[in-house]
Amino acid sequence: MTMTGKNTHAEVLRPHAEDAFAHELKALEAADDRPRPARWKLSPWAVSTYLLGGELPDGTVVTPKYVGPRRIVEVAVTTLATDRALLLLGVPGTAKTWVSEHLAAAVSGDSTLLVQGTAGTPEEAVRYGWNYARLLAHGPSREALVPSPLMRAMADGATARVEELTRIPADVQDSLITILSEKTLPIPELGQEVQAVRGFNLIATANDRDRGVNELSSALRRRFNTVVLPLPATADAEVDIVARRVDQMGRALDLPAAPEGLEEIRRVVTVFRELRDGVTDDGRTKVKSPSGTLSTAEAISVVTGGLALAAHFGDGVLRPSDVAAGIVGAVVRDPAADKVVWQEYLEAVVRERDGWKDFYRACREVTG
């Protein structure tokens, strides 16, 4: 159980996956009689079941963590059972981080061996650093060395994670090549190396459509098996994803359940999908797309914010006025171009749609 000070994970705002779903992982481990790769907590079959959901022989219901094609999860899990690293690629909001965390939790029981990629990520975050007080006092030694999450994963035979790999500077990215190809991390200052033990692997996520991207070198990309996570194929699938995540986040934030809010969730998803695709659901009207991605993750954020408004400033029922401001904020990123796109969509589509009058008025009020 993860502890922060004196707080148990039940009091943590966002528990790690292995804590939040500990009962499911324990039940899967008890029911799992299939072969497991070295140092894996579960078999590949059980890992896939944990991600995709199902019911175990003892009646335990495993909730889906990923709603999408089964084959994608099976390929990702199989990759981790080989010596190939896994690259989860997709546009923002396709659950790359979510899938990465749950894969690591199910495989190793620890999703915290994480390097967060940014433009300022140093090489030490991928390789190792030094405790400079010890270094100055006693010189280079293993006691003065500060291992990176990847070094710890190599030594323990665990799964490491690198988030937003393409945001990391190219020279730092390439420090992964030796780790992934030779399964070793040289420490030239000590004349030593750390060799990866069986069970070690790496999950990286990347979004090559975002700004600030550093393309992966061909040498590094060859070290990964790439799995592309698509946007939800249907509106029903996206509504299901948003509803599940909003329910989980609402419980963590002590927000009241909103069973009546499904209509508003579907409305948010519909608006996002139509603006994202450039055409209405019925295919009859073409619309312009704004500059933002309007991802599933942003839809979750809009609905969660609306639920908080309904709980604290309304009657607890999610209504059009609760989600209008969030939708406008998500759509209108560029105050000039996006506002025109939004107003055209509002007048040409929302205004004429049956049952959307309250939503139209709420959006007009927010938009001004």
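Above this note sits the structure.
For every chain, the first residue of the written sequence is number 1, and numbering continues from 1 along that sequence. Totals for whole chains, interfaces and linings use all residues, but because this is a predicted model, local features are given only for residues with pLDDT of at least 70 and pairs of side-chain atoms are given and counted only at 80 or more. Excluding hydrogens and water, the side-chain values take into account all heavy atoms of the structure.

A closer look at helix H2 (residues 22–31)
Note the following rule: The rule is simple: take the accessible area with a 1.4 Å probe, protein chains only, and divide by the maximum for that residue type; under 20% is buried, over 50% is exposed, in between is partly exposed. Numbered from the N terminus, helices here are DSSP runs of H or I no shorter than four residues, and strands are runs of E no shorter than two. The arc in question is the one spanned by the directions pointing from the helix axis to the C-beta atoms. Contacts are assigned to residue pairs that have any heavy atoms within 4.5 Å of one another.
All of the buried residues in H2 are Glu24, Leu25, Ala27 and Leu28. Projection of H2 onto a plane perpendicular to its axis shows the buried side chains occupying an angular sector of 165°, all on one side. Away from its buried face by more than 90 degrees, H2 exposes His23, Lys26 and Ala30. Buried residues along H2 sit in contact with helix H1 (17–20), helix H3 (44–52), strand S2 (61–62) and helix H5 (96–108).

Some thoughts on the layout of surface pockets
Stated formally: Residues are called lining when one of their atoms sits within 4 Å of a cavity or pocket point, these points coming from a 1 Å grid over the protein atoms alone, where a cavity is a set in which a 1.4 Å probe fits but cannot get out and a pocket is an open set with protein on both sides within 12 Å along at least five of seven lines. Grid points are joined across faces, edges and corners, and a volume is the space filled by probe spheres set on the points.
Taken as a whole, the largest pocket spans an internal volume of roughly 1200 Å³. The wall of the largest pocket is formed by 47 residues, among which Pro92, Gly93, Thr94, Ser295 and Ala297 lie closest to the centre. Taken together, the elements giving at least two residues each to the lining of the largest pocket come down to H5, helix H12 (235–252), helix H13 (262–277) and helix H14 (296–313). A per-element tally of the lining of the largest pocket places H12 first, with six residues. For the second largest pocket, the calculated volume is near 660 Å³. It is H12 that contributes the most residues to the lining of the second largest pocket, seven residues altogether.

Thoughts on the pairing of strand S8 (residues 184–187)
Put simply, the rule reads: Here, strands pair whenever DSSP counts at least two bridges between them.
Taken together, the four bridges between S8 and strand S9 (residues 192–195) define a ladder with antiparallel strand orientation. Bridge assignment links Leu185 to a residue of S9, and that residue is Val194. Between S8 and S9, which pair antiparallel in sequence order, lie four residues; one of them, Gly191, sits at a positive phi of approximately 65°.

Here's the deal with the sheet that holds strand S7 (residues 159–163)
Condition: Every angle, taken between N-to-C directions, lies between 0 and 180 degrees, and every axis is a line fitted to C-alpha atoms, over only the stretch in contact when it is a helix.
With respect to topology, five strands assemble into an open sheet ordered S4-S7-S10-S3-S11, the strand pairing being parallel. Bordering the open sheet on either side are strand S4 (114–116) and strand S11 (224–228), each of which pairs with just one other strand. In this sheet, adjacent strand axes meet at a mean angle of 20° when their direction is disregarded. For S4 and S7, the ladder comprises three bridges, and the chain directions are parallel. By the bridge assignment, Val115 is partnered in S7 with Val162.

Thoughts on the packing of aromatic side chains
Note the threshold: Aromatic rings from Phe, Tyr and Trp, taking only the six-membered ring of Trp, are treated as a pair when their centres fall within 6.5 Å; an angle between ring planes under 30 degrees marks them as stacked, one over 60 as edge-to-face, and anything in between as tilted. By definition here, charges over rings are those cases where NZ of Lys or CZ of Arg is within 6 Å of the ring centre and within 35 degrees of the ring normal.
Within the structure shown, the criterion is met by four aromatic pairs. The residue whose ring lies beneath Lys65 is Phe21, and the NZ or CZ to ring-centre distance is 4.8 Å. In this structure, Arg353 is placed above the aromatic ring of Trp356, and the distance from its NZ or CZ to the ring centre is 4.7 Å.

What to know about the pairing of strand S3 (residues 85–89)
Within S3, five of the five residues are buried, which leaves the element mostly enclosed by the surrounding structure. Across the two faces of S3 the burial is the same, with Ala85, Leu87 and Leu89 and Leu86 and Leu88 all buried. Bridge analysis of S3 against strand S10 (residues 201–206) gives four bridges, and the strand direction is parallel. Across the sheet, Leu86 pairs through a bridge with Ile203, a residue of S10.

So, the nonpolar core
Worth spelling out the cut-off: Nonpolar cores are built from buried Ala, Val, Leu, Ile, Met, Phe, Trp, Tyr and Cys residues. Side-chain atoms within 4.5 Å join them into one set.
Membership of the largest hydrophobic core comes to 36 residues, with the highest contact counts inside it found for Leu150, Val162, Leu165, Leu176, Ile179, Leu202 and Phe224. When contributions to this core are tallied by element, the ones reaching two or more residues are S3, strand S5 (128–130), helix H8 (149–156), S7, helix H10 (176–182), S8 and S10. Contacts of Leu165, omitting those with residues within four sequence positions, involve Leu87, Gln173, Leu176, Ala204, Thr205, Ala206, Leu216 and Phe224. One finds Val287, Val341, Leu346 and Val350 within the second-largest nonpolar core, a separate group that totals 35 residues.

Section: H3
A large share of H3 lies buried, amounting to seven of its nine residues. Buried residues of H3: Ala46, Val47, Ser48, Thr49, Tyr50, Leu51 and Leu52, and no others. Looking one or two residues past H3, Gly53 carries a phi angle of roughly 90°, positive in sign.

Looking at the side chain of Glu238
Applicable threshold: Polar contacts here mean pairs of N or O atoms no more than 3.5 Å apart (in protein, one a potential hydrogen donor and the other a potential acceptor; neighbouring residues in sequence count only if both atoms are side-chain atoms).
Mapping Glu238 onto the fold places it in helix H12. Within the structure, Glu238 has its side chain in polar contact with the side chain of Arg276 (distance 3.0 Å). When near neighbours in sequence (up to four residues on either side) are disregarded, Glu238 contacts Pro232, Val269, Arg273, Arg276 and Thr296.

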